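# A look at the structure
Chain by chain, the residues:
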Amino acid sequence: MAESGSLFHHLECRGCGRTVDPARPVGTCPGCGHTLLAAYALDRLDGRRWLADLPSREASLWRYRELLPVGRTGAVLSLGEGFTPILPIGPIPEAPGILVSVKDDGGLPTGSFKARGMAVAVSRAKELGLSDLYVPSAGNAGIALAAYAARGGLHSRIYLPESTPAPARDACALYGAEVIGVPGTIREAGTVARTREADRGSFDMSTLREPYRVEGKKTMGLEIFEQSQPGPMPDAVLYPTGGGTGLVGMAKAFRELAELGLLERPPRLYAVQPEGCAPVVRALAEGADRVTTWEEPRTVAPGLLVPSPFASERVIESVRSTGGGGMTVTDREILSAMRALGHRHGISASPEAAAPYAALPKLLRRGDVKPGERVLLYNTGTGLAFSVDALERSLRD
Ligand SMILES: Cc1ncc(COP(=O)(O)O)c(C=O)c1O
Ligand SMILES: [Zn+2]
């Protein structure tokens, strides 16, 4: 067993079934190019005992160290991330009868849930001896990589679409990252990044193209489970979906909890996407196993402007495995939801993070969620860097 208590054992590819030794840095499967996922020796953990021990541990995501891939405690790069509150907000007028709560990741270091994935992935990168990391990002992942790289004394380069809001660019630079602006969406940023970085010996931290960010995002599901104790889990979790890593992470958490004998039925996961860029919701509706590229993507939510998510098979499979589904929202509905969350509930949400609030009444009308159910809206990031007025004006232009 690793000194940290981690039960991390090997990496496996769900594309071709190959097993990969995790002792060296690796991106995607060397056999077929699909996403590698971490597997743990769960048979060595007594689930009930583990659950009973959790309340005595630190209030951060590292409390789940057995189910995280970092082997040495000394390798952990922490800014105090995780264990964010679940705020009950009761029924809302647009969705009568639903018991609504918000898991609020707005208070995480760097202001979004991206801190979860990067805390774990950058810690693991450092543990494996990497020193030069890059990522194409819509903003938040870049800020998080920059911060954790700074914390660990590593170099980072962030490839941002030129349309990325200035505060995100400035934040990356504040943490000492090199920032490269690229015309187009995150798709083009990814292509430019991979071409420019090809011979530099640097490491690609893109979502689902390396195995460990999803482990950090898994803690969203672990926290929802632990914080619901001793009561029941929510019936449904509504999640703003771009690359979809959060959905893959939460579904993985539920699988591992089931394997530990702690969870019988997972909450249904719902992917929420903007009408102007909804490849995952479309694939779910069509019964497809993977997405097709969304043409002419447009939305006010930068993190949801992902026309062609990598490893979409894993995202679709994650949603389906829980019996969930998808829903689209308009940009106007997103902006109204930002206002409602702020005015009514004192909660600041970015445009991405407000999308689930907008989706809830639509899911209720369609019968996907039913009166009497408990629904958790995932607030993935703070809205403090956004002006709703300016975004509304941009829609009129
Ligand atoms: C605030 C926010 N929410 C949601 C997302 C989408 O995340 P995922 O890649 O897990 O779908 C992003 C991605 O940039 C984001 O910044
Ligand atoms: Zn493979």
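Residues numbered from 1 in each chain as written. Chains lettered and ligands numbered in written order. Predicted model: local features only at pLDDT ≥ 70, side-chain atom pairs only at ≥ 80, totals over all residues. Heavy atoms only, no water.

Looking only at helices and strands, the chain features 12 helices and 13 strands. Over its C-alpha atoms the chain spans a radius of gyration of 20 Å, differing by no more than 12% from the 21 Å that the globule rule assigns to 397 residues. Counting all 397 residues of the chain, 59% fall into the buried class. Within the chain, residue pairs in contact and separated by at least 24 positions form 70% of the contacts whose partners lie at least 6 positions apart. Here the chain displays about 15,500 Å² of accessible surface, and carbon together with sulfur accounts for 50% of that area. Here the chain contributes 45 positively and 44 negatively charged side chains, and the mean placements of these two sets differ by 1 Å. (Helix = DSSP H or I, 4+ residues; strand = E, 2+ residues; numbered from the N terminus. Rg over C-alpha atoms; globule rule 2.2 N^0.38 Å. Buried < 20%, exposed > 50% of the residue type's maximum accessible area, 1.4 Å probe, protein only. Contact = heavy atoms within 4.5 Å. Areas by Shrake-Rupley, 256 points an atom, 1.4 Å probe, with all protein chains shown as cover. Lys, Arg positive; Asp, Glu negative; His and termini not counted. Charge placed at Lys NZ, Arg CZ, Asp CG, Glu CD.)

This next bit is on empty space enclosed by the protein. Per the counting criterion, the structure on display carries 1 cavity of 30 Å³ or more. Roughly 50 Å³ of volume is contained in the largest cavity. As for the largest cavity, its lining consists of Pro-25, Val-26, Ala-121, Arg-124, Ala-125, Leu-128, Leu-130, Phe-203, Met-205, Glu-210 and Tyr-212. Here the element with the most residues in the lining of the largest cavity is helix α2 (residues 114–127); it accounts for 3 residues. (1 Å grid on protein atoms, 1.4 Å probe; cavity = no way out; pocket = protein on both sides within 12 Å on 5 of 7 lines; lining within 4 Å. Points joined across faces, edges and corners; volume = space filled by probe spheres on them.)

Neighbouring ligand 1 are 16 residues; Asn-140, Tyr-239, Gly-242, Gly-244 and Thr-380 lie closest to it. One of the side-chain nitrogen or oxygen atoms of Lys-114 is found 3.2 Å away from an oxygen atom of ligand 1. The cavity where ligand 1 resides is the largest pocket. Residue composition of the shell around ligand 1, by class: 3 nonpolar, 10 polar and 3 charged. (Near = heavy atom within 4 Å. Polar contact = N/O pair within 3.5 Å; in protein donor to acceptor, adjacent residues only side chain to side chain. Sits in = over half its atoms within 2 Å of the grid points. Nonpolar A, V, L, I, M, F, W, Y, C, P; charged D, E, K, R; others polar.)

The next thing to look at is helix α9 (residues 312–321). With 7 of 10 residues buried, α9 is to be regarded as a mostly interior element. Against the buried residues of α9 lie α7 (245–259), β11 (268–274), α8 (279–286) and β12 (325–329). Directly beyond the C-terminal end of α9, a positive phi value near 80° is found at Gly-323.

The next subject is the nonpolar core. If you look at the biggest cluster of nonpolar residues, it comprises 85 residues, and the most contacted ones within it are Trp-50, Met-118, Val-122, Leu-133, Met-205 and Met-250. If near-sequence neighbours (up to four positions away) are discounted, Met-250 is found in contact with Lys-217, Met-220, Gly-221, Ile-224, Val-237, Tyr-239, Leu-269 and Tyr-378. Counting residues in hydrophobic clusters, the runner-up holds 37 residues, among them Val-272, Met-327, Ala-337 and Leu-363. (Core = buried A, V, L, I, M, F, W, Y, C linked by side-chain atoms within 4.5 Å.)

Turning our attention to the domain arrangement of the chain. Looking at the assigned domains, one finds that the chain contains domain 1 (8–75), domain 2 (86–112 + 211–396) and domain 3 (114–204). Taking only C-alpha atoms into account, the centre of domain 2 sits 24 Å from that of domain 3. Across the boundary between the two partners, domain 2 contributes 25 residues, which contact 23 residues of domain 3. Overall, the association of domain 2 and domain 3 removes approximately 1,800 Å² of surface from exposure, summing both partners, and the carbon and sulfur fraction of that is 64%. (Domains from an automatic or database assignment. Buried area = accessible area lost by both parts, 1.4 Å probe.)

When you line up the elements, Ala-168 lands in helix α4 (residues 166–174). Since its relative accessible area comes to 12%, Ala-168 is described here as buried. Remark: the alpha-carbon pair of Ala-168 and Thr-110, spanning 58 residues in sequence, is separated by 9.9 Å. Excluding residues that lie within four positions of it along the chain, Ala-168 makes contacts with Gly-139 and Ile-143.

As a further point, take the packing of aromatic side chains. All told, the structure shown has 6 aromatic pairs when counted by the stated rule. With a centroid separation of 5.8 Å and an interplanar angle of 90°, the aromatic rings of Phe-8 and Tyr-212 are classed as edge-to-face. Of the two residues, Phe-8 sits in strand β1 (residues 8–13) while Tyr-212 sits in the loop between β9 (203–204) and α6 (213–228), which places them 204 residues apart along the sequence. Relative accessible area serves as the criterion here: at 3%, Tyr-212 is assigned to the buried category. Between Trp-50 and Tyr-64 the ring centres are 6.2 Å apart and the planes differ by 55°, which places this aromatic pair in the tilted class. (Phe/Tyr/Trp six-rings, centres within 6.5 Å; stacked < 30°, edge-to-face > 60°.)

All right, on to the coordination of the zinc ion (ligand 2) then. Distances from the zinc ion (ligand 2) to its protein donors, Cys-13 (SG), Cys-16 (SG), Cys-29 (SG) and Cys-32 (SG), fall within 2.3 Å. Considering all 4 donor atoms around the zinc ion (ligand 2), angles at the metal cover 97 to 116° and the coordination shape is tetrahedral. Look at Cys-13 and you get buried, because its relative accessible area is 3%. Here Cys-16 falls in the partly exposed class, since its relative accessible area comes to 43%. (Donors = N, O, S within 2.8 Å, 3.2 Å for Na, K, Ca; no water. Tetrahedral: all angles 85-135°; square planar, octahedral: opposite > 155°, others 65-115°.)

Estimates place the volume of the largest pocket at around 610 Å³. Lining the largest pocket are 38 residues; nearest its centre among them are Ile-186, Thr-207, Gly-242, Gly-243 and Val-306. Of all the secondary structure elements, the ones that give two or more residues to the lining of the largest pocket are β6 (132–136), α3 (140–152), α5 (186–197), α6, β10 (236–240) and α7. For the lining of the largest pocket, the leading source of residues is α5, giving 5 residues. Here the residues of the lining of the largest pocket are counted per class, giving 13 nonpolar, 18 polar and 7 charged. Residue-level mapping places the lining of the largest pocket at the junction of two domains, with at least three residues from each of domain 2 (86–112 + 211–396) and domain 3 (114–204).

Inspection of the sheet shows β1 paired to strand β3 (residues 36–40) by 5 bridges, in the antiparallel sense. Bridge assignment links Phe-8 to a residue of β3, and that residue is Tyr-40. Here 2 bridges tie β1 to strand β2 (residues 19–20), and the two strands are oriented antiparallel to one another. Considered in β2, the bridge of Glu-12 is made with Thr-19. If you look at the hairpin formed by β1 and β2, you'll find 5 residues sitting between the two strands, and Gly-17 has a positive phi there, around 85°. (Pairing = 2+ DSSP bridges.)

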